[in-house]
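Notes for the structure review
Spelled out, the chains give:
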Amino acid sequence: MDDRQLMENMLLLEKGACDLLMHGTVESSSPNVHQAFSCSLNSSLQMQEQIYEKMQEKGWYPAQQAERPKIEQVRQKFSC
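**A look at the overall build of the protein**
Helix and strand counts for the protein stand at 3 helices and 0 strands. Its helices and strands taken in sequence order, the protein reads α-α-α from the N to the C terminus. Relative to the 2.2 N^0.38 estimate, which gives 12 Å for 80 residues, the radius of gyration of the protein is 17 Å and therefore markedly larger than a compact globule would have. Dimensions of the protein, computed from the C-alpha atoms along their principal axes, are close to 45 × 45 × 15 Å. Sorting the 80 residues of the protein into buried and exposed places 16% on the buried side. Nonlocal contacts in the protein, meaning residues at least 24 apart in sequence, comprise 56% of its contacts between residues at least 6 apart. Counting every atom, the protein has about 6600 Å² of accessible surface; 54% of that belongs to carbon and sulfur.

This is the structure we're talking about:
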């Protein structure tokens, strides 16, 4: 397993953790539990962003600019 595969796995795991923590935050039964999940979610989101940025630096997760016609098409689709 090379560095790229490790980083991809880390990103997938972190995204999964964010998903679970988001559901925990939404479904929490008390303010204290909500706060605990919310803080953990924010930490996990920061970690996910750091992994993503590092992968972008290495060229392993290239971001593509959307074309203007496609942006307008999506905007029209969801504006109704």
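Once you've had a look at it, read on.
**A word on the pattern of salt bridges**
Here the structure, examined in full by the defined rule, presents 4 salt bridges. For Glu8, the salt bridge identified is with Arg4, shortest N-O distance 3.2 Å. Here Arg4 and Glu8 lie together in helix α1 (residues 3–27), a separation of 4 residues that amounts to about one turn. With a closest N to O distance of 3.1 Å, Arg75 and Glu72 form a salt bridge. Here Arg75 and its partner Glu72 are both found in helix α3 (residues 68–79), 3 residues apart, which amounts to about one turn of the helix.

**Description of helix α2 (residues 31–58)**
Between the first and last C-alpha of α2 there are 41 Å, a value that for 28 residues agrees with the 40 Å anticipated at 1.5 Å per step. By the burial criterion, the buried members of α2 are Leu41, Ser44, Gln48, Ile51 and Met55. With its phi angle positive at about 80°, Gly59 sits one or two positions after the end of α2.

**A look at α3**
Taking 1.5 Å of rise per residue, 12 residues should cover 16 Å, and α3 covers 16 Å from first to last C-alpha, within 8% of that figure. Within α3, only 0 of the 12 residues are buried, leaving the element largely exposed.

**Some words on the side chain of Ser28**
With respect to the secondary-structure elements, Ser28 resides in the loop between α1 and α2. Here Thr25 takes part through its backbone oxygen, which lies 2.9 Å from a polar atom of the side chain of Ser28. Beyond its immediate stretch of four places on either side in the chain, Ser28 contacts Val33, His34 and Phe37.

So, how was this worked out
Residues numbered from 1 in each chain as written. Predicted model: local features only at pLDDT ≥ 70, side-chain atom pairs only at ≥ 80, totals over all residues. Heavy atoms only, no water. Helix = DSSP H or I, 4+ residues; strand = E, 2+ residues; numbered from the N terminus. Rg over C-alpha atoms; globule rule 2.2 N^0.38 Å. Buried < 20%, exposed > 50% of the residue type's maximum accessible area, 1.4 Å probe, protein only. Contact = heavy atoms within 4.5 Å. Areas by Shrake-Rupley, 256 points an atom, 1.4 Å probe, with all protein chains shown as cover. Salt bridge = Lys/Arg side-chain N within 4 Å of Asp/Glu carboxyl O. Expected span 1.5 Å × (residues − 1). Polar contact = N/O pair within 3.5 Å; in protein donor to acceptor, adjacent residues only side chain to side chain.

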